[in-house]
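Results of the structural survey
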Amino acid sequence: MRHFRACMGPALAAFLIACSEAPAPPPAVAGSAALEAHSAEFRRDIIEVVPGIHVAIGYALANVILIEGDDGVIIVDTTESLEAARTVKAEFDRITDKPVQAIIYTHNHTDHIFGAEAFAAGRDVPVYAHKTTWSHIERIMNVLRPVIETRSFHMFGNYLEAGGEAIINDGIGPALAHSTTGDGDIYGLLPPTHTVDERLEVTIAGRRLVLMHAPGETDDQLLVWLPDERVLLPGDNVYKAFPNLYTIRGTRYRDVMQWAHSVRLMRSLGAEHLIPSHTRPVSGAKAVDDILQVYGDAIQFVHDQTVRGINQGLDADTLARTVQLPAELAEHPWLQPFYGTVPWSVRAIYNGYLGWFEGNSSTLFPIASATRAQRLLALAGGADAVLAEAEAQLPADPQWAAELADLVRAASPDSVPVAAELKARALRMLAEVTPNPNARNWYLTDALELEQRITTGPSPISAERVAFAQGFPIAGVLRSMAVNLDPERSAGVNERVVLVFPDQGVQYAVHVRHQVAVIDALPSVPEDESVVVTVPATEWLALMTGQRGFPLALADGTVQVSGGMADTAKLLRFLALFRQE
C-alpha cells in the first residue's frame, strides 16, 4: 500500500483514504433569501381578476386563464402535463359547468400546450395558435428533443429530488411538472385548428377577443386582448422577473428589440388588468403601464448598451461584466433576476449579431481544450498545486475554485475524483447565494452528478411517448432520421430507400450519400425504384424507436418490402446506418 501511494499524487491518495467509507451526503442547500421570498408569487390560488375571468396560479409552471362567456368558456394556455391540467380543470369546474368553446396557445413552449386534452375532455374544441407554432413544436420534438429535454431538466431542477436536493421555485412558477423517467400522465397536446398571422379579431361565447402576433420570448408569441374589459394577456413576454432574453437550456437567438417593440405594443393598448402566463396578475391602469414601460425599456437598454460596446470593439466577456441596468430599472420588482439575467442576455445579443468569433485571431483554430489544460497545468506546477490553490480560494471565491477544478479534471485523469469533489463543493456554495433559480438548479444538478448521486440524460422512450409522437406528420419524424445518421457507418454508402406511408398518403425517398441522409417528398413511387417499403406511419415510429421489432412486423405484413427477402436484408442494413432513438 505504501508503494501504491507513492505512485499516486498525494491528492488522489488522500481522496482514496477519505473515501474508504461512503461519505455522508452533504446537507441540502438552502436558497438565497430573495429566491425563498419569491416563492410567495406561486402560492396556489384561483384569482378572479374581473368578473368571469380567472387565473389559476401555482398548479404548474405556467398559469391557466379561464374566460367565461355566455354559453361556454375559453382556456388560455394549458400547463405542461395532463395531470396538472386535470387538477386545474377540477378547480374551474367548481366555478362553472359551461363547456370549453376554445383553447388558445400563447406560444409553443411545453408548459403552455401539453394539457389541452384535459380541457377539451374528448370534444372537438377549436385550438387557436400562431401560424408557425406547430412548426416550432415539430422542430423541438423531432430534431432537438434529447438535448433540450436534458438541459430543461437541468434548468428547472427536475433531477434534484433524486439526489436529496429540493427546488425552491423555478422563477416563473413553482416547478416543471415532468418526470425525468418519462413516467406520468404528460402528453395531452392538441394540434392548432385555427391559426393567426398578425391579427385576428374573434368573438367566442360572446366574448370579444383580439389575438395579435407579438414576437418576443418566442417568435410565435400571441397576446390576447379583451378590449371590452381592458384585460391584457401577454403570454410569456411579461412576467415578474427579468425577461429570459436567453435561456440557458438553449434556444435560437431571440430578437430582443422585437421583444421590446411587442411590449410597447401591449402598452399602447391601455390595459387596466395584466394577466401574465407566469406570476400573479396586476390590476390598475397606472400599475400596468409602469410595468410595461420599465419592461420594454430594460430590454432596450441591455440591447443598446451591448451593441454600443460591440461597436467599440469590446468582447462578450467584457460586456457581460460591465453592462448593468440603471438603478431605477435594476431595483424594480418586475426586473429582478429570477429568470433571465443581464449577463446571459448580453452574451446572447453579442452572439446574435456577430456569432461566436470575437475578433481574436488566436481563437480561429485553437488547440484542443484538453491540450491547453495539460499545458496550463504544467505551467502551474501540476495538479496538486492547482488543487491546493483551488481549496485555498474556495471560501472567498468558489467560482474561481470551480474553474481551477475544471482545469484539473480536463488535464489530469488521476486527479479527477479530487477535483470533482472540490468542484461540487464550489457549486453548492454558488447555488446557496444566487437569486437565479435556473443557475441554482444547474449548479446543484452538476454537483450531484459530480458526487455520483444522480445520472442525467433524456428520458427513456416509453409507449406513451411513442403514442404522442405518432400524432405528428411523418415528414417531421423523418427529419430525426437525418440527424441520427452515423457518419462512420455511412462512409462510402450511396443507397436509397423509398418509404410509402399509406395512412398519411405520402411517400419519401431517403438517400444516404456523402454521409448525409437527404430526404425528399415524392409525388409517386418511381417504377424503377430498387427498395420500396410500405408501412403505416404510426408503425414506422414504433419500429424506429425499438418499441416493435422488425421481424414480427415483416412476418405479419405490417412492413412490406418490394423485393422480398433480398430487399429486406438491404433495408435492415440501411436502417443500421442510423442511431435509433
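Residues numbered from 1 in each chain as written. Predicted model: local features only at pLDDT ≥ 70, side-chain atom pairs only at ≥ 80, totals over all residues. Heavy atoms only, no water.

1. Section: the nonpolar core
Grouped together as the largest cluster of nonpolar side chains are 61 residues, with contacts concentrated most on Leu223, Trp225, Leu232, Val238, Phe242, Leu274 and Ile299. The set of elements that each furnish at least two residues to this core consists of helix 7 (133-156), strand 9 (207-213), strand 10 (222-226), helix 8 (256-268), helix 9 (285-311), helix 10 (316-322), helix 12 (342-354) and helix 17 (437-450). Element by element, the count of residues in this core is highest for helix 9, at nine residues. Setting aside residues no more than four positions away along its own chain, Leu274 makes contact with Leu232, Pro234, Val238, Pro281, Val282, Val288, Ile291 and Trp334. Of all hydrophobic cores here, the second largest spans 33 residues; its members include Ala469, Met481, Leu485 and Phe578. (Core = buried A, V, L, I, M, F, W, Y, C linked by side-chain atoms within 4.5 Å. Buried < 20%, exposed > 50% of the residue type's maximum accessible area, 1.4 Å probe, protein only. Helix = DSSP H or I, 4+ residues; strand = E, 2+ residues; numbered from the N terminus. Contact = heavy atoms within 4.5 Å.)

2. Points about the environment of Ala482
Inspection of the secondary structure assignment puts Ala482 in helix 19 (residues 474-482). When its relative accessible area of 28% is taken as the criterion, Ala482 is described as partly exposed.

3. Describing empty space enclosed by the protein
According to the stated counting rule, one finds two cavities of 30 Å³ or more in the structure shown. Considered as a void within the structure, the largest cavity measures approximately 40 Å³ in volume. Lining of the largest cavity is provided by Leu61, His109, Asp111, Phe156, Ile172, Glu217, Asp236, Arg249, His278 and Tyr339. Residue classes in the lining of the largest cavity are distributed as four nonpolar, two polar and four charged. Here the second largest cavity defines a volume of roughly 30 Å³. If you go around the second largest cavity, the residues you meet are Ala469, Gln470, Phe472, Ile474, Val477, Gln504, Ala537, Thr538 and Leu541. For the lining of the second largest cavity, the elements supplying multiple residues, two or more each, are helix 19 and helix 20 (537-544). A per-element tally of the lining of the second largest cavity places helix 20 first, with three residues. For the lining of the second largest cavity, the class distribution of residues is six nonpolar, three polar and no charged. (1 Å grid on protein atoms, 1.4 Å probe; cavity = no way out; pocket = protein on both sides within 12 Å on 5 of 7 lines; lining within 4 Å. Points joined across faces, edges and corners; volume = space filled by probe spheres on them. Nonpolar A, V, L, I, M, F, W, Y, C, P; charged D, E, K, R; others polar.)

4. Observations regarding the packing of helix 15 (residues 398-411) against helix 16 (residues 416-433)
Contact pair helix 15 / helix 16: the axes reach a minimum separation of 8 Å and the direction vectors enclose 155 degrees. With respect to helix 16, the element helix 15 is oriented roughly antiparallel. Of the two possible hands of crossing, helix 15 and helix 16 adopt the one that is left-handed. Every residue of helix 16 that contacts helix 15 at Pro398, Gln399, Ala401, Ala402, Ala405, Asp406, Val408 and Arg409 is listed here: Val416, Ala419, Ala420, Leu422, Lys423, Ala426, Met429 and Leu430. (Axes fitted to C-alpha atoms, helices over the stretch in contact; angles between N-to-C directions. Parallel < 35°, antiparallel > 145°, perpendicular 65-115°, else oblique. Left-handed = near helix turned anticlockwise from the far one by under 90°.)

5. Points about the sheet that holds strand 12 (residues 273-274)
The strand order 8-9-10-11-12-13 describes an open sheet built from six strands, whose pairing is mixed. Strand pairing shows two members of the sheet lacking a second neighbour, strand 8 (199-204) and strand 13 (282-283), which therefore form its edges. Pairing between strand 12 and strand 13: two bridges, direction antiparallel. Bridging from a neighbouring strand, His273 pairs with Ser283 of strand 13. (Pairing = 2+ DSSP bridges.)

6. Quick notes on helix 22 (residues 564-575)
Counted at 1.5 Å a residue, the expected span for helix 22 with its twelve residues is 16 Å, and the 16 Å between its end C-alpha atoms agrees. Listing the buried residues of helix 22 in full gives Asp567, Thr568, Leu571, Phe574 and Leu575. One side of helix 22 holds all its buried residues, which, seen down the axis, span an arc of 120 degrees. Exposed and oriented more than 90 degrees from the buried face of helix 22 are Met565, Ala566 and Arg573. (Expected span 1.5 Å × (residues − 1). Arc of directions from axis to C-beta.)

7. Thoughts on the side chain of His130
Along the chain, His130 turns up in strand 6 (residues 127-130). Exposure remark for His130: the relative accessible area of 3% places this residue in the buried category. A polar contact is formed between the side chain of His130 and the side chain of Thr132, at a distance of 2.9 Å. Setting aside residues up to four positions removed in sequence, His130 forms contacts with Thr195, Val196, Asp197, His213, Asp220 and Leu222. (Polar contact = N/O pair within 3.5 Å; in protein donor to acceptor, adjacent residues only side chain to side chain.)

8. Overview of the pattern of salt bridges
In the structure shown here, the tally under the stated rule is 26 salt bridges. Within the structure, one salt-bridge network assembled from shared partners comprises Glu165, Arg428, Glu451 and Arg453. (Salt bridge = Lys/Arg side-chain N within 4 Å of Asp/Glu carboxyl O.)

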